[in-house]
Amino acid sequence: MNHFYHIHLSKKGKKKEIFLIDTIAYMSGIISPFMMLPQLYGIWVTKNASGISVLSFASFAFFNLVFIVYGITHKNKLIIINSSIWFVFQIFVVIGVLLYKQG
């Protein structure tokens, strides 16, 4: 079972188990928002936001803001990082839609 986690020493010198799923969760939490880059490219480079709902992305941004506050309240770095990246990207989508929506 040792292959499912590795041991880290905390700043106080105590052993802390970090499971493989924690590492995968952190990687996913940081990488997953970047899956929105093609959407951002489509809006900002081509200057075309047709078919994109400003209401949807504004709602996503609002709810990610709620999760940022939640993460800060519970001192959960993964939630703070993930939700912050999503929030920034979603705000860029909202701004792009407002600038470039045709029709």
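Below or above, wherever it landed, is the structure these notes cover. (Residues numbered from 1 in each chain as written. Predicted model: local features only at pLDDT ≥ 70, side-chain atom pairs only at ≥ 80, totals over all residues. Heavy atoms only, no water.)

1. Points about the overall build of the protein chain
- Counting its secondary structure elements, the protein chain contains four helices and two strands.
- Ordered by position in the sequence, the α and β elements of the protein chain form the string β-β-α-α-α-α.
- Going through the 103 residues of the protein chain one by one, you find that 22% of them count as buried.
- Here the contacts in the protein chain between residues at least 6 apart in sequence split such that 61% fall between residues at least 24 apart.
- Total accessible area on the protein chain stands at roughly 7,600 Å², and carbon and sulfur atoms take up 71% of it. (Helix = DSSP H or I, 4+ residues; strand = E, 2+ residues; numbered from the N terminus. Buried < 20%, exposed > 50% of the residue type's maximum accessible area, 1.4 Å probe, protein only. Contact = heavy atoms within 4.5 Å. Areas by Shrake-Rupley, 256 points an atom, 1.4 Å probe, with all protein chains shown as cover.)

2. Comments concerning the packing of helix H1 (residues 20-31) against helix H4 (residues 77-100)
- With their axes 8 Å apart at the nearest point, H1 and H4 run at an angle of 20 degrees to one another. The angle between the axes of H1 and H4 places the two elements in the roughly parallel class. Between H1 and H4 the crossing geometry is left-handed. Contacts between H1 and H4 involve Ala25, Tyr26, Gly29 and Ile30 on the former and, on the latter, Lys77, Leu78, Ile81, Asn82 and Ile85.
- Here the contact of H1 with H4 is built from residues that sort into six nonpolar, two polar and one charged. (Axes fitted to C-alpha atoms, helices over the stretch in contact; angles between N-to-C directions. Parallel < 35°, antiparallel > 145°, perpendicular 65-115°, else oblique. Left-handed = near helix turned anticlockwise from the far one by under 90°. Nonpolar A, V, L, I, M, F, W, Y, C, P; charged D, E, K, R; others polar.)

3. Notes on the packing of aromatic side chains
- Applying the stated criterion across every chain yields a total of six aromatic pairs.
- Centroid distance Phe57 to Phe60: 5.5 Å. Interplanar angle 85 degrees. Geometry classified as edge-to-face. With Phe57 and Phe60 both in helix H3 (residues 54-73), this residue pair falls three residues apart, about one helical turn.
- Taken together, the ring pairs in this structure connect Trp44, Phe92 and Tyr100 into an aromatic cluster. (Phe/Tyr/Trp six-rings, centres within 6.5 Å; stacked < 30°, edge-to-face > 60°.)

4. Concerning the nonpolar core
- By size, the foremost hydrophobic cluster in this structure holds 12 residues: Met36, Leu40, Ile43, Ala49, Ile52, Phe57, Ile85, Phe89, Val93, Val94, Val97 and Tyr100.
- Counting only elements with at least two residues in this core, the list comes to helix H2 (37-44) and H4.
- Element by element, the count of residues in this core is highest for H4, at six residues.
- If near-sequence neighbours (up to four positions away) are discounted, Val97 is found in contact with Ile43, Ala49, Ile52 and Val54. (Core = buried A, V, L, I, M, F, W, Y, C linked by side-chain atoms within 4.5 Å.)

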